[in-house]
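Each chain, letter by letter, is given below.
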Amino acid sequence: MRLHTGIRVAAAVAATALLATACSSGSGDSGDDTADGSGGKVELTFWTWAPGMEEAVAVWNEANPDIQVTVNKQDGGDPAVTKLLTAIQAGSGAPDLFQTEYQKIPTLVSEDALADIADVLPDGTAERFAEGTWQSVTLGGDAVYGVPQDSGPMQFYYREDVFQQYGLSVPTTWEQYAQVAEQLHTADPSKYLGTFSANDAGWFTGLTQQAGASWWGIDGDAWSVDIESAPVQKVAEYWGGLVEKGVIDNKPMYTPEWNAALNDGSQVGWLSAIWAPGVLQGNAPDTAGKWKMAPMPQWEEGDDATGNWGGSATSVTSQSTHKAEAAKFIAWLNASQEGVNLLVSEGGLYPADIPSQAEALSSPPEFFSNQADFYTLAAETAKGVQPFTYGPNVNVAYSAYNDEFGKAAEAKQASLFLDAVTAMQATTVDDLENQGFTVTK
Amino acid sequence: MTTTTTLHRATAAASVPALRPERKVRPSVFGTVVLLVGALYCLMPVAWVLVASSKSAGELFSTFTFLPSTHLLDNIGELSAYRGGLYWRWMANTALYAGVGAAVSVLVSSMAGYALAKYRFAGKTLVFNLILAGVLVPGVVLAVPQYLLLAEVGLTNTYWSVLLPSLISPYGIYLCRIYAGASVPDELLEAARTDGASEWRTFSRIAVPLMGPGLVTVFLFQFVGIWNNFMLPYIMLGNDRLYPITVGLNGLLNQGASQPAMYTSVITGALLSIVPLALLFLTLQRYWKVDLAAGSVKA
Amino acid sequence: MTTLAPPRAAATSGPTRRRGSRRRGAAPYAFLAPALTLFTLFLALPIGYAVYLSFRTEIVQGLGLGSGARQEVWAGFANYTRALQDPEFLASVGRVAVYGLLLVPTMLGLALLFALLLDSRRTRATGFSRISIFLPYAVPAVIASLLWGFLYLPRVSPFYYVFDQLGWDVPEVMSSGLVVFAIANIGLWGGVGFNMIIIYTALKSIPTELYEAARLDGASELMVALRIKIPIVMPSLVLTFLFSMIATLQVFAEPMTLRPLSNTISTTWSPLMKVYRDAFTRGDIYAASATSVVIALATFAFSYLFLRLVQDGRAFSQESK
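Residues numbered from 1 in each chain as written. Chains lettered and ligands numbered in written order. Predicted model: local features only at pLDDT ≥ 70, side-chain atom pairs only at ≥ 80, totals over all residues.

Our working rule: UniProt positions are given in the numbering used here, feature names are shortened, and annotations may be inferred rather than shown by experiment.
For chain C, the name recorded in an unreviewed UniProt entry is ABC transporter permease, with Cellulomonas algicola as its organism. Turning to chain C, the UniProt annotation filed under Sequence similarities (unreviewed entry) states: "Belongs to the binding-protein-dependent transport system permease family." If you open the UniProt record of chain C and go to Subcellular location (unreviewed entry), you find "Cell membrane".

Going by the annotation in an unreviewed UniProt entry, the name recorded for chain A is Sugar ABC transporter substrate-binding protein, with Cellulomonas algicola given as the source organism.

Okay, structure coming up:
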């Protein structure tokens, strides 16, 4: 979608006139003068919101005077994608490097925002990652749209002290989870084992992924949408039941209220992912040492399945004129021992690069110093991440999740949770068809 | 016209409180209480920010909301240390966007408002109606096409991308037209012209000083408008070193699921961002006279 | 204020070089030139572009992966029919209507009340009250909503703490039935002071002689307010009403900021939130443009009808001839 000739000419003429009158003073130091290419020195801009990225980049810049990277910190997730897509539509303004959450890759690829870097990556990069993780940056084809940075296998986090106080045992199945939730809430009605958050579609996706769902699928030259499927309905019905009973809270996560509940111990458990220690430390610093991590409760006793919540790759955008240099930087950052050590020490990320994990993750996160085997356990759970395919309109499905499950959670009716799944399916399919994608029924 | 003008000059003088006839009036307890309740309602969230920004991250969610603590300086220190003092850069950016934007906007608006009030020319009604229509267009609607057009000339993600669209203020032009109409007598303009002054000189030496207080109002109005703007810079800027306060603080709040929101810093930052505007209001409060319909006081 | 020194260059294009010559024909155009240039570039052109986009759409082929899979084509009125038939859009218009009916009369009523009290000779603490009530205008809507969000959530709110101590069971203000009040309250908080100042300015410009006589005749402050002051400031009230209604139709920042705090504000709560969702969450700027055009046209129509109805357009068109 480019501007069309008439408007383009008008805009250009107008802007030239404007610049002629307006440029009397020096232009602001915008720092966007990427890629002057003077003297072989290459400047790359990097849009990211991962913590510690500036520190890691500083190490790179020190060692690579010819490829200088500038970090532009972004608002997490959606806003950055919005900006990137707007820049792609406008034809200019995109950075060279971009932090892409895994679920956004199909959308960005379908908008032609990401460059294929298969040819410019060092050999052997693919072998450093778990198959499922690598598949999410290739979408199953030959092109490579980024290098995985971190991943977010899900676990169950709980307040060990409160569990002891009420004599609760750590649930290993969802059936037990429901029992413990009821036991706790009956013992102290102000306490909940968790909350159903209608604001965190990524969280719900992870839960259904564990149950075996994959919301999209590629079927030859067509997409399939499988949101309204048995595993998703099972998960929705389960949570709807808990919310209707009132043993699980129905308020969203990441609100001041939720923070207060983490602090005062009324949220006793959190189904979260490997990056949870950082969030807990930021939101409830005084509860350090009181939390423990355990594998996710299972649908079948003895399974070791889990889902994924969060995690990103680093990609080169289609507007970058220095793809080779950008790929070289990414390979260092996400797939070398030095880079990965920095991701862990500066950013507290859980690296996707398997060969570097042992050295980088030798001690537990500070907030979980009471759990020495934190990363050993985490690595075991990570093996159980179930396959999942994201489609090109994840945002549509996710905002439908917010709206539909918001209504259901507010009403506290289990039947509405199933209705919400149906509505999500319809909205997602409608949108794909409306855009012209081929969708199989 | 003459009556309106003199009337206005009279009211300008009358707004000096001393000229109001002092008479013994019984103070109204009820009226005063109503006003104070209103003031309390408006101050309460501000008081809350003040208290909240004195709390540490843990206290913010664990102690009683209006119980102050002692960490204000720590919080300011932490906020200032965030990524090499980025917060203060946002503050400076905001001051730049709002200060320069409002100053140029006042110049542009005063010229246009003066022309609309004091000249007769072909297309006057059309121009005025166009500008009025501009008052009605919501910013969210404009942001995307503005971005696409600025991107076409490579100006997105620069100071210009926020400054340039802020320079045009249909509302400011509308107000300036009212001020020019009400405060600049035609006779003075005619006299200046008879003396051989150029049109520009007549405007800058006679009309501008007469419109002065009104122009300060338009400046303040536009300053606050740009200071509070969120959508335009949010869409235009990718480089966080160019952000204004609103966009910067919003970023601290929306860190994505895997990062804790920096509530303490956001709240402290919100408090500090209110201070400059509060000072501006206090020092310039006599200029806050937004007269939407001045010309119509013909009674 | 004479320090406002404009660049000399701005004048050279005008008629000013030739002293004494009476070429006033070009002068108004020269004075208007900067405003019209900026207006064209940053308002007219983007609006025109939005209208253009509203008749376009993008078509994807097959899987839509890889470059060149998307193609922009004419859509005719398809975006408009979809926008107008969308139940979410109509629902958002309904919500905003309720919001406006709650907010505008309350805000202007209080603004008028405060302005009259400030202007009354019998009230005290007027300086303090005036600046306090005006202060929220300095707080950006995004930040104001964040602050009120904290005050609304029962677990962190001082109000609910007090209610709790008193043993009252107060329903949550962000629950589905009450959330519109929660949003309107933020609008009220941010807007009442500004409107108060406008009305107060108008009150101040009433010559005191006009009501001194009435006072001498023994009229009470209330009578003076009702019979003299309010009728005179009516034009200002009409305009504040109009501008408030326009702001109401455009409510965006408050529900957008509060949305993540509860289950009750959908992503399409207000019409502009739907525009935002279409443009930015769904990447469909074509549908967003069509909805924007509909909103803009509705605003124009509404403003025009309102002015015709209230005072035959006098407030805007009256000339100081």
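Considering the overall build of chain A
Quick note on the threshold: Think of it this way: any DSSP run of H or I at least four residues long counts as a helix, any run of E at least two long counts as a strand, and we number them from the N terminus. Radius of gyration here is computed from C-alpha atoms only, and the compact-globule reference equals 2.2 Å multiplied by the residue count raised to the power 0.38. Put simply, a residue is buried when 20 or more other C-beta atoms lie within 10 Å of its own C-beta and exposed when 12 or fewer do; between those, it is partly exposed, and each C-beta is set from the backbone.
Within chain A one finds 17 helices and ten strands. For 441 residues, the compact-globule estimate of 2.2 N^0.38 gives 22 Å, and chain A sits close to it at 23 Å. The dimensions of chain A, computed from C-alpha atoms along their principal axes, are 75 × 50 × 45 Å. Here chain A, with 441 residues, has 56% of them falling under the buried criterion.

Considering the UniProt feature "transmembrane region" (unreviewed entry) in chain C
All names here are of chain C. Here, the residues flagged by UniProt with the feature "transmembrane region" (unreviewed entry) are residues 26–52, 96–119, 131–153, 173–200, 232–253 and 285–307. Overall, residues 96–119 shows 100% helix and 0% strand. The separation of its end C-alpha atoms is 33 Å. For residues 131–153, the end-to-end C-alpha separation is 28 Å, with 70% helix and 0% strand making up the annotated structure.

What about the domain arrangement of chain A?
All names here are of chain A. Note the following rule: For each domain, the first and last residues come from an automatic or database assignment. Contact between residues is assigned whenever the C-beta positions, reconstructed from backbone atoms, fall within 7 Å.
By domain assignment, chain A separates into domain 1 (32–151 + 310–367) and domain 2 (153–309 + 372–440). Each of domain 1 and domain 2 was reduced to a C-alpha centroid, and the two centroids are 28 Å apart. Every contact between the two is made by 19 residues of domain 1 and, on the other side, 27 residues of domain 2. Mapped onto the side of domain 1 that touches domain 2, the elements with two or more residues apiece are helix H4 (105–110) and strand E9 (308–316). In terms of residue count, the dominant contributor to the side of domain 1 that touches domain 2 is H4 (four residues).

Concerning the interface of chain A and chain C
Accessible area lost when the parts come together is the quantity often used to give the size of an interface. Convention followed: Ten residue types, Ala, Val, Leu, Ile, Met, Phe, Trp, Tyr, Cys and Pro, are classed as nonpolar, four, Asp, Glu, Lys and Arg, as charged, and the remainder, Gly among them, as polar.
Taken residue by residue, the interface counts 40 residues in chain A and 34 residues in chain C. Those elements that place two or more of their residues in the side of chain A that touches chain C are helix H1 (5–22), helix H3 (78–90), H4, helix H10 (256–263), helix H16 (394–411) and helix H17 (414–435) of chain A. Top element by residues in the side of chain A that touches chain C is H16(A). It accounts for eight residues. Tallied by class, residues from the side of chain A that touches chain C come to 21 nonpolar, twelve polar and seven charged.

Observations concerning the packing of helix H13 (residues 245–253) of chain B against helix H14 (residues 263–283) of chain B
Residues and elements named next belong to chain B. Condition: With axes taken as lines fitted to C-alpha atoms, and helix axes fitted only over the stretch in contact, angles between N-to-C directions fall between 0 and 180 degrees. For classification purposes, an angle smaller than 35 degrees is called roughly parallel, one larger than 145 roughly antiparallel, one from 65 to 115 roughly perpendicular, and anything else oblique. Less than a right angle of anticlockwise turn of the near helix away from the far helix marks a crossing as left-handed, whereas a clockwise turn marks it as right-handed.
Closest axis-to-axis distance for the H13/H14 pair is 9 Å, and the angle between their directions is 165°. Between H13 and H14, the angle falls in the class roughly antiparallel. As H13 packs across H14, the resulting crossing turns out to be left-handed. The segment H13 lies against H14, with Ile245, Leu249, Leu252 and Leu253 engaging Ser265, Val266, Gly269, Ala270 and Ser273. Class assignment for the residues of the contact of H13 with H14 results in six nonpolar, three polar and no charged.

Points about the UniProt feature "domain: ABC transmembrane type-1" (unreviewed entry) in chain C
As recorded in UniProt, the sites labelled "domain: ABC transmembrane type-1" (unreviewed entry) are residues 93–306 of chain C. With 74% helix and 0% strand, residues 93–306 of chain C has its two end C-alpha atoms placed 18 Å apart.

Considering unusual backbone geometry
You will see that Leu139(A), though not glycine, has its phi angle at about 55°, which is positive. As for its placement among the helices and strands, Leu139(A) is situated in the loop between helix H5 (131–138) and strand E4 (147–159).

Quick notes on the interface of chain C and chain B
Contact residues are listed per partner, giving 97 residues for chain C and 96 residues for chain B. Per-element accounting of the side of chain C that touches chain B gives the leading share, 16 residues, to helix H2 (residues 27–54) of chain C. Split by residue class, the side of chain C that touches chain B holds 68 nonpolar, 22 polar and seven charged.

Structural notes on helix H11 (residues 199–228) of chain B
Residue and element names in this part refer to chain B. Note the following rule: In this scheme, a helix's expected span is set at 1.5 Å multiplied by one less than its residue total. One fitted axis covers the seven residues ending at a residue, a second covers the seven starting there, and the bend at that residue is the angle between these axes.
Over its 30 residues, H11 runs only 36 Å from end to end, short of the ideal 44 Å by more than 12%, given 1.5 Å per residue. At Gly212, H11 shows its largest kink, close to 65°, and the proline Pro213 lies no more than four residues downstream. When you tally the buried positions in H11, you get 21 out of 30 residues, the bulk of the element.

Some remarks on the nonpolar core
Convention followed: By definition, a nonpolar core groups buried Ala, Val, Leu, Ile, Met, Phe, Trp, Tyr and Cys residues that are joined through C-beta atoms within 7 Å.
Core analysis: the biggest nonpolar cluster contains 323 residues, and Leu84(A), Ala112(B), Ala111(C), Ala115(C) and Ile199(C) have the highest contact counts within it. When residues in this core are grouped by element, the largest group, 17 residues, is from helix H8 (residues 179–204) of chain C. When residues of this core are sorted by domain, at least three fall in each of domain 1 (32–151 + 310–367) and domain 2 (153–309 + 372–440) of chain A. Here Ala115(C) is in contact with Met196(C), Ile199(C), Tyr200(C) and Leu203(C), once residues within four sequence places are set aside.

Some remarks on the sheet that holds strand E10 (residues 439–440) of chain A
Residue and element names in this part refer to chain A. Convention followed: Should DSSP find at least two bridges between two strands, the strands are taken to pair.
What the three strands build is an open sheet, ordered E5-E6-E10; its pairing is mixed. Edge positions in the open sheet fall to strand E5 (216–219) and E10, since each of these has one partner strand only. Its contacts with the sheet put H17 on strand E6 (222–225) and E10, and the angle it makes with E6 is roughly 165°.

Brief notes about the confidence of the model for chain C
All names here are of chain C. Under the convention used in this document: Known as pLDDT, the predictor's confidence for each residue is given on a scale from 0 to 100.
Across chain C, the average pLDDT comes to 83, with 88% of residues at 70 or higher. For chain C, per-element mean pLDDT is lowest for helix H1 (residues 8–12), which scores 39, and highest for helix H4 (residues 87–119), which scores 94. In this model residues 1–22 is a low-confidence stretch, pLDDT under 50, and it forms 35 contacts with partners more than four residues away in sequence or in other chains. Here the complex is predicted with pTM 0.86, and the ipTM for its interfaces comes to 0.83.

Quick look at the pairing of strand E1 (residues 42–48) of chain A
Residue and element names in this part refer to chain A. Applied cut-off: Here is how to tell: hold the view so the strands point away, follow the path from the first strand over the helix to the second, and if it runs clockwise the crossover is right-handed.
Counted residue by residue, E1 has six buried out of seven residues, so it is predominantly covered. Of the pairings in the sheet, the one linking E1 to strand E2 (residues 67–73) comprises seven bridges and is parallel in character. By the bridge assignment for E2, Phe46 is matched with Val71. Following the backbone out of E1, through helix H2 (residues 53–63) and into the adjacent parallel E2, one traces a crossover that is right-handed.

Here's the deal with the packing of helix H9 (residues 230–245) of chain A against H17(A)
Residues and elements named next belong to chain A. Here H9 crosses H17 at 150°, and the two axes come no closer than 7 Å. In terms of orientation, H9 and H17 fall into the roughly antiparallel class. Relative to H17, H9 is oriented so that their crossing is right-handed. On the side of H9, the interface is formed by Val232, Gln233, Ala236, Glu237, Trp239, Gly240, Gly241 and Glu244, while H17 contributes Ala414, Phe417, Leu418, Ala420 and Val421.

Remarks on the confidence of the model for chain A
It should be kept in mind that the predicted coordinates are not to be read in detail where pLDDT is low. The predicted model of chain A has a mean per-residue pLDDT of 88, with 91% of residues at 70 or higher. Below a pLDDT of 50 lies the segment residues 1–38 of chain A, which in the model reaches 46 contacts outside its immediate sequence neighbourhood of four places, other chains included.

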